[in-house]
Amino acid sequence: MLSSFTAMDFETAQVKRWIICQVGLVRVENQIITKQLSILVQPPNNYYWNNFIDIHGISPEQTADAPTFDKIWHQIEPFIKNQNVVAHNGLAFDFLVLSKTLDFYGIQTPDYSKHCTYKIYKGNLAFLCREHNIPLNHHDALSDARACAELF
């Protein structure tokens, strides 16, 4: 695998792909984690579906004063632009979430290379972490991104 890349994970407040409530990013350089970023994000109208709160534990009260995605993109972009980016189930979820969110805010999607640990391992993240003894606080975006980085 690549020795330098960004691992990425998003948590969403509802089924629409542009409704991000947490971003987790882990930058790996020469197989060493060099940067980590976890940001709570206020989704549009700060609206959540209850079953999504049950999954990740993030509530409207926690993001009421959080910035919207367009206000934090400048922090995220260096992790993504012209980088190798890996996500678990990224082809079906995270890469689409990023693209749809950028479209929603009228921001151009940067060039980057996509890699998916689900496609590589063909397994659930929680199961793979147990199998490989990787710590995981599942559905915390930073923990999921860190676990994805370890797998990759």
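Below or above, wherever it landed, is the structure these notes cover. Owing to the predicted nature of the structure, the values given are computational and were not obtained by experimental measurement. (Residues numbered from 1 in each chain as written. Predicted model: local features only at pLDDT ≥ 70, side-chain atom pairs only at ≥ 80, totals over all residues. Heavy atoms only, no water.)

Describing the pattern of salt bridges
We count it as follows: Salt bridge criterion: a side-chain nitrogen from Lys or Arg within 4 Å of a carboxyl oxygen from Asp or Glu. Each residue gets one of three labels from its accessible area relative to the maximum for its type: buried under 20%, exposed over 50%, partly exposed in between, using a 1.4 Å probe on protein chains only.
Tallied over the entire structure, the rule returns two salt bridges. The closest approach of N and O atoms between R27 and E29, which form a salt bridge, is 2.7 Å. R27 sits in the buried class, given a relative accessible area of 8%. In this structure, D70 and K71 form a salt bridge, with 3.6 Å as the shortest nitrogen-oxygen distance. Given the relative accessible area of 31%, D70 is considered partly exposed.

A few points about the sheet that holds strand 1 (residues 5–12)
Selection rule: By this definition, two strands are paired if DSSP reports at least two bridges between them. Elements are defined by DSSP. Helices are runs of H or I of four residues or more, strands are runs of E of two residues or more, and each kind is numbered from the N terminus. A fitted line through C-alpha atoms represents every axis, and for helices the fit uses only the stretch in contact; the resulting angles, taken between N-to-C directions, go from 0 to 180 degrees.
Taken together, the five strands give an open sheet; going across it, the order is 3-2-1-4-5, and neighbouring strands pair in mixed fashion. Among the strands making up the open sheet, the edge pair consists of strand 3 (32–40) and strand 5 (113–116). Strand after strand, the sheet turns through a mean of 25 degrees between neighbouring axes, direction not considered. Here strand 1 runs beside strand 4 (residues 84–87); their pairing, made up of two bridges, is parallel.

A short note on the environment of N133
With respect to the helices, strands and loops of the structure, N133 is situated in the loop between helix 6 (125–131) and helix 7 (141–151). Accessibility expressed as a relative area gives 69% for N133, which makes it exposed. Measuring from C-alpha to C-alpha, the distance between N133 and I39 comes to 26 Å, with 94 residues separating the pair along the chain.

Here's the deal with the packing of aromatic side chains
This is how the line gets drawn: Only the six-membered ring of Trp is used, alongside the rings of Phe and Tyr, when aromatic pairs are assigned; centres must lie within 6.5 Å, and planes under 30 degrees apart are stacked while those over 60 apart are edge-to-face, with the rest tilted.
Counting across every chain of the model gives seven aromatic pairs. A ring pair is formed by W49 and F52, whose centres lie 5.8 Å apart and whose planes are at 80 degrees; its orientation type is edge-to-face. On the numbers, 5.9 Å between centres and 55 degrees between planes, the contact of F95 with Y112 is tilted. Of this pair, F95 sits in helix 4 (residues 94–104) while Y112 sits in the loop between helix 4 and strand 5, placing them 17 residues apart in sequence. In this structure Y112 comes out as buried when scored by relative accessible area, which is 15%. Cluster of aromatic residues (ring-pair linked, three or more members): W18, F69, W73, F104 and Y105.

Details of unusual backbone geometry
Positive phi, normally seen in glycine, also occurs at N30, with a value near 50 degrees. Looking at where N30 falls in the secondary structure, it is placed in the loop between strand 2 (20–29) and strand 3. For N30, a relative accessible area of 57% translates into the label exposed. Phi is positive for K122, close to 55 degrees, though the residue is something other than glycine. Looking at the element boundaries, K122 is found in the loop between helix 5 (117–121) and helix 6.

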